[in-house]
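Each chain, written out:
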Amino acid sequence: MAKLRIPLYDVHKELGAQFGEFAGWEAPINYGSVIEEHLAVRQSVGFFDLSHMGRLVLSGPDATRVLDYLVPREIASEEGMMVGPTAMLNESAGFRDDIMPYNLGAEGWLIVPNAANREKILGHVEEWINRLNASAKIVDKTFEWVLFAVQGPRSVELMKHLGAPGKVLDLRVMRFMKNVVLEEAGAKALIVSRSGWTGEDGFEIIAEAGEGEKILRKAAEMLPELGGKLCGLGARDSLRMEMGFVLYGHEIDETINPVEARYWWVFQPGPKKNCLGCDALREALRRGAERVRVGLRLGKKARIVPRQGDRIYVEDVVVGQVTSGAYSPVLRRSLAQAYIDARHALMGMSVMVERRGKLYKAKIIDFPAVTPTSHPPA
């Protein structure tokens, strides 16, 4: 299948991006150094183009009723608040995808699924609009809009340089998980939220591609002044690994439920009574888990990064498998996530990870593995 290209591919190429394939998209992997980009986010500010992720708009009189049935978390919230992260589950409570819904008030909902699942979630919602006989529609805006993330302790400073968002909002006091549609700024389809997937304070921006190019070029101009970096998906992966955030196709999929994944955000404070997969989710809570997701921290002398499928041993017994791994520039050692037999998922316990026929010592840890530098207002 031909690769898809993010809307601002040519601009990123001009700015020095090194590209790679992710979930069928050609997207920036780095701009020279994954480690430098990672540390910029922890110490100053990083700017990511995440336009490979989906942007689906669910609208109509029954939009909220449809979404309410498809997620296990309560979505009743004030206008302008994000509800999530949460997930769409199958009948067995496995993950169809983890998603981020944005409450746009009268305009409906913006749903952001993972890149690999955009078409699946689009079809899933369309199916349930029909099955619920709902007055609603869902439209794919992925190829018309861009999605940026501004992350790090100096993210407010960078946002003030990016034009419309800084003019309209007092970004210093904008609440975590708050989103605002900036129609009054004269920008087209511009949404700003205080959110992100790095553990640091930060913002996400969704705009039409033409507006997005202006924002990207301005960010590239201002980042050096703030000690920041344009960042690619390499740094995004190592940042989420330090925090223990999941990636679809690795830590979660249709065979894994939120209890096993310890992904409590999906249904906090508890699963609803009437939603797709909620009966199975409540049964999973009652039954408990035979396997659970944990973190692994390798020793500094281990010159390897664990990969999906690597086996985990206690003595000579296989007790689990790695789902993904990355090098942590903050800890200067490799980290991984894994599913381990619940009887052996003991924090602080030493295990062995097999990589290419060799065994490496690791310790079971909880998340996060590092403490974020910055925190958004509650």
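Analysis parameters
- Residues numbered from 1 in each chain as written.
- Predicted model: local features only at pLDDT ≥ 70, side-chain atom pairs only at ≥ 80, totals over all residues.
- Heavy atoms only, no water.
- Axes fitted to C-alpha atoms, helices over the stretch in contact; angles between N-to-C directions.
- Helix = DSSP H or I, 4+ residues; strand = E, 2+ residues; numbered from the N terminus.
- Parallel < 35°, antiparallel > 145°, perpendicular 65-115°, else oblique.
- Left-handed = near helix turned anticlockwise from the far one by under 90°.
- Contact = heavy atoms within 4.5 Å.
- Nonpolar A, V, L, I, M, F, W, Y, C, P; charged D, E, K, R; others polar.
- Disulfide = S-S within 2.5 Å.
- Buried < 20%, exposed > 50% of the residue type's maximum accessible area, 1.4 Å probe, protein only.
- Expected span 1.5 Å × (residues − 1).
- Arc of directions from axis to C-beta.
- Pairing = 2+ DSSP bridges.

Undergrad: What is the right way to read the packing of helix H2 (residues 34–43) against helix H8 (residues 233–243) from this model?
TA: When two helices pack together, their arrangement is given by the angle between their axes and by how far apart the axes lie. Viewed as axis vectors pointing N to C, H2 and H8 meet at an angle of 55°, and their least axial separation amounts to 8 Å. One element, H2, and the other, H8, form an angle in the oblique class. Seen along the crossing, H2 lies across H8 with a hand that is right-handed. Residues Val34, Glu37, His38, Val41 and Arg42 of H2 lie in contact with H8, whose contacting residues are Gly234, Ala235, Ser238, Leu239, Glu242 and Met243. Across the contact of H2 with H8, the residue classes break down as five nonpolar, three polar and three charged.

Undergrad: Would you explain the state of the cysteines in this entry?
TA: Think of a disulfide as a covalent bridge from one cysteine sulfur atom to another cysteine sulfur atom. Using the criterion set out here, one finds one disulfide in the structure. Put simply, Cys275 and Cys278 are joined by a disulfide, and their sulfur atoms are 1.6 Å apart. Torsion about the S-S bond of the Cys275 and Cys278 cystine: about 70°, corresponding to right-handed handedness. Pair check on accessibility: Cys275 and Cys278 agree, each one buried.

Undergrad: It is not clear to me how helix H4 (residues 118–131) should be interpreted in this structure. Could you clarify?
TA: Turn by turn, an α-helix covers 3.6 residues, leaving residues three or four places apart pointing in a common direction. With 14 residues, H4 should reach 20 Å at 1.5 Å per residue; the first-to-last C-alpha distance of 20 Å fits that figure. Arg118, Ile121, Leu122, His124, Val125, Trp128 and Ile129 are the residues of H4 that are buried. Down the axis of H4, the smallest arc covering the buried residues is 160°, so these residues share one side. Exposed positions of H4 whose direction lies more than 90 degrees from the buried face are Glu119, Asn130 and Arg131. Residue Asn133 follows H4 closely and has a positive phi angle near 50°.

Undergrad: Got a minute to help me understand the pairing of strand E3 (residues 25–30) in this structure?
TA: For a regular strand, side-chain orientation follows a simple rule: the groups alternate between the two sheet faces. Counted residue by residue, E3 has five buried out of six residues, so it is predominantly covered. One ladder, built from two bridges, connects strand E1 (residues 4–5) with E3; its direction is parallel. Bridging from a neighbouring strand, Arg5 pairs with Glu26 of E3. In this sheet, E3 lies alongside strand E2 (residues 18–22) in antiparallel orientation, the contact comprising five bridges. Paired with Glu21 across the two strands is Glu26, which belongs to E3. Between E2 and E3, which pair antiparallel and follow one another directly, the connecting turn spans two residues, one of which, Ala23, has a positive phi of 50°.

Undergrad: Explain the packing of helix H3 (residues 63–70) against H4 here, please?
TA: Taken N-terminus to C-terminus, the directions of H3 and H4 make an angle of 115°; their axes are 10 Å apart at the nearest point. Our classification of the angle between H3 and H4 gives roughly perpendicular. Of the two possible hands of crossing, H3 and H4 adopt the one that is right-handed. On H4, the residues that touch Val66, Tyr69 and Leu70 of H3 are His124, Val125, Trp128 and Ile129. Residues of the contact of H3 with H4, tallied by class, amount to six nonpolar, one polar and no charged.

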